[in-house]
Number of protein chains: 2
Amino acid sequence: MIPKGHVVALSGGVGGAKLALGLASVLPSSQLSIVANTGDDFEYLGLHISPDIDSLIYTLAGVNNPVTGWGRANESWTFMSEAERLGIDSWFRTGDKDLAVHVHRTSRLRSGSSLSAVTDEIARRMGIAANIIPMSDDPVRTYLETDVGTLAFQDYFVRHGCKPQVSGIRFQGCETAAPSPMFRQLLDSPDLAAVVLCPSNPYLSIDPVLSIPGVVEALACNKAPVIAVSPIVQGQAIKGPTAKIMGELGVPVTPAAVADHYQGLIDGFVLDSSDGELSRSMAGTGLAVEVANTVMQSLGDRASLARTVLEFSRRLQHAPARPRHNPRVRLS
Amino acid sequence: MIPKGHVVALSGGVGGAKLALGLASVLPSSQLSIVANTGDDFEYLGLHISPDIDSLIYTLAGVNNPVTGWGRANESWTFMSEAERLGIDSWFRTGDKDLAVHVHRTSRLRSGSSLSAVTDEIARRMGIAANIIPMSDDPVRTYLETDVGTLAFQDYFVRHGCKPQVSGIRFQGCETAAPSPMFRQLLDSPDLAAVVLCPSNPYLSIDPVLSIPGVVEALACNKAPVIAVSPIVQGQAIKGPTAKIMGELGVPVTPAAVADHYQGLIDGFVLDSSDGELSRSMAGTGLAVEVANTVMQSLGDRASLARTVLEFSRRLQHAPARPRHNPRVRLS
């Protein structure tokens, strides 16, 4: 089922989707699976919304809105205006095209489909050749402990605009969740060539995936090298609240801190060229480090980073078997 | 709660909504309640759709599409195009504005609101002063026995374009349904001035309302005159499959047959002027008959018919108490 040389990318939304698009542009279409964080999923107006799955689908289908970073390009807002007239609380905004995905997904889920099945259907319909896979078909929901109380992810992210100070993060339901069937199959496959942790927020986008029982263990057992791309460049996050949250959690806002967060899980780490001077000090940790342009502005940048990551993984495949520690990824 | 002189109109969609709008334009806003057929309600893409309630709301709010006879004026179709791209079965079509009502209603129902409550909310938000009331908060669903099998109403009406030959009609769930609380209150009120059966399809739009246990009995007990307006003019229905269905059920396609269908329930019957010559023969049945222009083309026509119906009801109020038969409305 899984072709030899298959690459698995773990991704959140916008930032991760850029590298996922790069990977899709340089890999044969049957050789890429993107596992999406679903910790941000929520219900709005009775609709099941999967923001990271949608960002990935829209980006890979080339219909994403690059200006807002969410939703669709050439979107219209008739539904939303009318819904506001009816008095709905419009803290979250969905365009008319975006809404078609939410309504269709919700309807399919209600009639008994799994999130995996409906995600696959939507991705195929949108013309995407790579697999887009939810991390789990079970509900896992990210909550943040903040100075204004416990907030569901969308509450923190959209309603509060990431302003509250974060003191803790938990993934409700993770203890009893299982990896989605296709994710499980990939984790156990001897034919994986690489696992890529996209430059998404480690705490909010990658950790939910890693929080699912069995995932970290399976990654440790799988011979495929695991490579993380730093979401931190020059002490800042390209997008989103990663740097702010790291600061609030008392973690230095550096690529090394991200690598440390993933310690025991990853074999290689990709730093941005502008942080190149850090590679020597990080090499001391025994971790293989690669330097590349990780700030993906053009499609060419995305493909170029993807190629670098894949070449890096090939080198690591042929490197002497690394001593795999007991994974000790710290889930906040 | 119910002001003296209150008028209750029982209505289906488009045809009935015209007279409902006429009544709304001539009555003080607090003196009109329109009870909507919900036998046509159905689920589409997981959304609860109430076609007759929506037709009434859109018509009274002045935002209906007078060309199609359903949906909204100045509608846009972005959602639908996108949903088709996702592979949904688009046998039913909902515009972006229309969709806001469906999504909002479904969301409120799922969170425990009654159909009465959410209908009232939507109507108020749309600026409607009259009460719009579902006949019941319980599900009653119209099914037609036809030459191509049993069809749910929307299946017959939209998918099959009213083409199958009808041999029977039933209202699934009617045995255990109760009138909605406000409808019940109106039925029992001593302050009703009139009950108007709008010129809707007697078999598909009015009978579902009358099928709810207690409704016919309460109308018989209430002193308010009950007046029906003929949906048949010159042997034809103004709109919809009324005439076709009457023919298929072996009923003459005449106003007299409609009056006969309502026999024992109504005190007065309004004929179109073009059928005026029938009034003498009908008068022989003991039923009070009024003649008016029932083909409502302009808003003026709607108001004029409403005034005629209300004047007629006033005359019947002051007429000697009619001998109320045991109601024997024949529900198909």
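Residues numbered from 1 in each chain as written. Chains lettered and ligands numbered in written order. Predicted model: local features only at pLDDT ≥ 70, side-chain atom pairs only at ≥ 80, totals over all residues. Heavy atoms only, no water.

A. Spotlight on the sheet that holds strand 6 (residues 141-146) of chain B. Residue and element names in this part refer to chain B. The strand order across the open sheet formed by three strands is 7-6-8, and the pairing between neighbours is antiparallel. Only two strands of the sheet have a single partner each, and these edge strands are strand 7 (149-152) and strand 8 (166-172). If you compare each strand with its neighbour and ignore which way they point, the axes differ by 25° on average. Bridge analysis of strand 6 against strand 8 gives six bridges, and the strand direction is antiparallel. When the sheet's bridge partners are listed, glutamate 145 is paired in strand 8 with glycine 168. The strands touched by helix 8 (residues 202-210) are strand 6 and strand 8; relative to strand 8, the strand with the most contacts, the crossing angle is about 25°. (Pairing = 2+ DSSP bridges. Helix = DSSP H or I, 4+ residues; strand = E, 2+ residues; numbered from the N terminus. Axes fitted to C-alpha atoms, helices over the stretch in contact; angles between N-to-C directions. Contact = heavy atoms within 4.5 Å.)

B. Main features of the interface of chain A and chain B. With 26 residues of chain A at the interface, the matching set in chain B holds 26 residues. Overall, the association of chain A and chain B removes approximately 2,400 Å² of surface from exposure, summing both partners, and the carbon and sulfur fraction of that is 66%. Its largest share of buried area at the contact with chain B, chain A owes to Arg85, Leu86 and Arg125 of chain A, together 26% of the area lost on that side. Taken together, the links from chain A to chain B amount to two salt bridges. One can count four residue pairs in polar contact (both at pLDDT 80 or more) joining chain A with chain B. At the level of secondary structure, the elements contributing two or more residues to the side of chain A that touches chain B comprise helix 3 (78-85), helix 4 (96-110) and helix 5 (115-125) of chain A. When residues of the side of chain A that touches chain B are assigned to their parent elements, the largest contribution, nine residues, is made by helix 4 of chain A. Looking at the side of chain A that touches chain B residue by residue, the class counts come to 13 nonpolar, six polar and seven charged. (Buried area = accessible area lost by both parts, 1.4 Å probe. Salt bridge = Lys/Arg side-chain N within 4 Å of Asp/Glu carboxyl O. Polar contact = N/O pair within 3.5 Å; in protein donor to acceptor, adjacent residues only side chain to side chain. Nonpolar A, V, L, I, M, F, W, Y, C, P; charged D, E, K, R; others polar.)

C. Representation of the relation of the copies chain A and chain B within the structure. With an RMSD of 0.0 Å, the fit of chain A onto chain B corresponds to turning through 180° and sliding 0.0 Å along the axis. Those values place the two copies in the arrangement expected of a two-fold rotation axis. Among all residues of chain A, the one whose C-alpha sits closest to the rotation axis is aspartate 96 of chain A, at a distance of 3.4 Å. Interface overlap between copies: 100% of the residues of chain A at the interface are likewise at the interface in chain B, consistent with a symmetric, same-surface contact. (Least-squares fit on C-alpha atoms with pLDDT ≥ 70 in both.)

D. Up close: the pairing of strand 6 of chain B. Residues and elements named next belong to chain B. Going residue by residue along strand 6, you find Thr142, Leu144 and Thr146 tucked away on one face and Arg141, Tyr143 and Glu145 left uncovered on the opposite face. Sheet topology note: the strand 6/strand 7 ladder contains four bridges and is antiparallel. Its bridge partner lying in strand 7, glutamate 145 is registered against threonine 150. Count of turn residues in the strand 6/strand 7 antiparallel hairpin: two residues. (Buried < 20%, exposed > 50% of the residue type's maximum accessible area, 1.4 Å probe, protein only.)

E. Local environment of the side chain of serine 116 of chain A. Following the sequence through the fold, serine 116 of chain A ends up in helix 5. Excluding its chain neighbours within four sequence positions, the residues that come into contact with serine 116 of chain A are Pro134, Asp137, Ser180 and Pro181 of chain A.

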